[in-house]
Amino acid sequence: MDKTQRSGQKERFIGLEWLRFALGLYIVIFHTLHTYPSISDWSHYVTDIGFFSTSTFFVLSGFLLTHVYLDNQRKLREPARSFWIKRFSNLYPIHIGSLLLAIGISLLIGYLAITPQDAGMSPRFVIYDVNNDLGQTTPGALEHFMSNAELALNLVLNVSLLHAWNPYYLTFNPPSWSISALMAFYLVFPWIAPRLFRLRHAGRALVVTNLLYLLPPLIVIAMTDFGMPETGILHRNPLIRLPEFVAGILLCVWYTRYRAAGGWLSVMQRLMLMAFVASCVVVAVWLLGQGHAWYYLLHNGLLLPAQLALILLATQWRTPESRRVRRLASRLGGASLPMFALHVPLFVIFTRTERVFAGDPALCTSGFRACFDAAGDSSLVFYPLFLLLTVLFCVMFQEQFVLRVRNAMQRWLLPRVGTPPSHTEKVAR
């Protein structure tokens, strides 16, 4: 056993911090790289399975929460209400900050109209969620502008963190549905995690969970035309996506018992897991080109074993001696959820600014309209700069905004349920 286990403290997973960061970075690439026409011939091979990142993040959340919040008696180490307050105060500042930014940018870009497409940008604009060829055969058929009633309803859903339950379209800041789903998972965690830890055979439970997760996509494939609302339900409905979170809990159950028995993966076992994950990714990219049905299966369950294997691999990364490296991993891991939530409006800001500078920015001194009309094209050359700036912004957003608001919320809310505020938590943010 390592030093943390001998001293009775919780094991720290430096590899899971790096994994959280990698998942956040990949979701940024997934939603942005495909917009560059010059690489459209091959970029989809990089971005086709972007959903792998979100699913792995859900599994990882279940694993980390179980590891951190269950005590040695496998009971929740604090009252459920204080757990919910801490989880809510972690998520809500990220969500509200990204929501306000996304709505503000949408209004501003629609007003400035730097590109021809920008003129139609509005918080009301949405695209219906389907996974068939309707968008290709009938251009514009999936585009929709919300009515006043729809706009009001979806504002309420977003403010109350319930927007993942809308199966028809994504609103305002599309990637933030994952925050809504996470909050739903957190609500059931105090009830399901202790019970799952009492199961004698965690491995068998994982297999059953995976099979149950595959049932909804199989039903949709057998009975529908891959339209709406079934696509949206499979994509983000918290009840449908709950098996991923449950699988993370069960993986932690298995891992805890494995480590208690002195287990540690050998080099050969780790190489085999790496080969398994890589093979799953390659096969998945190929299967996505074989028909719409494969998307449903890969999105909802078929890649779950690979996600579990990836997390298990990350647990084997030994904690380095360097304090700076540990600190860097913690900061980047902590910025992962802001990366999920903020990258779309940040990409809009970056590309429009880039277009202005690629045109004739000197015209901006005499009139913005002429400057915007002269805007050029965005270039892949500057894409690494966008990624770097996004990471830096999200690190600062997490540390200078989210943590401060979170701590203020906890200082106000926790005493109301009889729990003193705790020190800043560094995991499962």
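Starting afresh in each chain, residues are numbered from 1 along the sequence in its written order. Selection of residues for local features in this predicted model requires a pLDDT of at least 70, selection of side-chain atom pairs for listing and counting requires 80 or more, and totals for whole chains, interfaces and linings are taken over all residues. Excluding hydrogens and water, the side-chain values take into account all heavy atoms of the structure.

Draft legend 1. How the structure looks around the packing of aromatic side chains. Each aromatic pair joins two rings of Phe, Tyr and Trp (for Trp, the six-membered one) with centres within 6.5 Å, and gets the label stacked for planes under 30 degrees apart, edge-to-face for over 60, and tilted for any other angle. Counted according to the given criterion, the structure contains 26 aromatic pairs. Between Tyr36 and Phe347, the aromatic rings sit 6.3 Å apart at their centres with planes inclined by 70 degrees, giving edge-to-face as the arrangement. With Tyr36 in the loop between helix H2 (14-32) and helix H3 (43-47) and Phe347 in helix H16 (residues 336-358), this residue pair connects regions lying 311 residues apart in the sequence. In terms of burial, Tyr36 and Phe347 fall into one category: buried. Pairing Tyr36 with Tyr383 gives two aromatic rings, centres 5.4 Å apart and planes at 75 degrees, and the pair type is edge-to-face. Of the two residues, Tyr36 is situated in the loop between H2 and H3 and Tyr383 in helix H18 (residues 383-413); the sequence distance between them amounts to 347 residues. Runs of E in the DSSP output that reach at least two residues are strands. Runs of H or I that reach at least four are helices, and both are numbered from the N terminus. Only protein chains enter the accessibility calculation, which uses a 1.4 Å probe; a residue is then buried when its area is under 20% of its type maximum, exposed when over 50%, and partly exposed in between.

Draft legend 2. Layout of empty space enclosed by the protein. Within this scheme a cavity is a closed region of a 1 Å grid, computed over the protein atoms alone, that accommodates a 1.4 Å probe without allowing it to escape, whereas a pocket is open but has protein on both sides within 12 Å along at least five of seven lines; lining residues each have an atom within 4 Å of a point. Grid points are joined across faces, edges and corners, and a volume is the space filled by probe spheres set on the points. Under the criterion given, the structure shown has two cavities of 30 Å³ or more. Size it by volume and the second largest cavity reaches roughly 30 Å³. Taken together, His163, Leu170, Thr171, Asn173, Pro174, Ser176 and Trp177 make up the full set of residues lining the second largest cavity. Asp, Glu, Lys and Arg are counted as charged, while Ala, Val, Leu, Ile, Met, Phe, Trp, Tyr, Cys and Pro are counted as nonpolar; the rest, among them Gly, fall into the polar class. Of the residues in the lining of the second largest cavity, the class split is three nonpolar, four polar and no charged.

Draft legend 3. Spotlight on H2. Take the number of residues in a helix, subtract one, and multiply by 1.5 Å to get its expected span. Between its first and last C-alpha, H2 extends 28 Å over 19 residues, near the 27 Å set by a 1.5 Å rise per residue. Counting buried positions over the 19 residues of H2 gives 14, a clear majority of the element.

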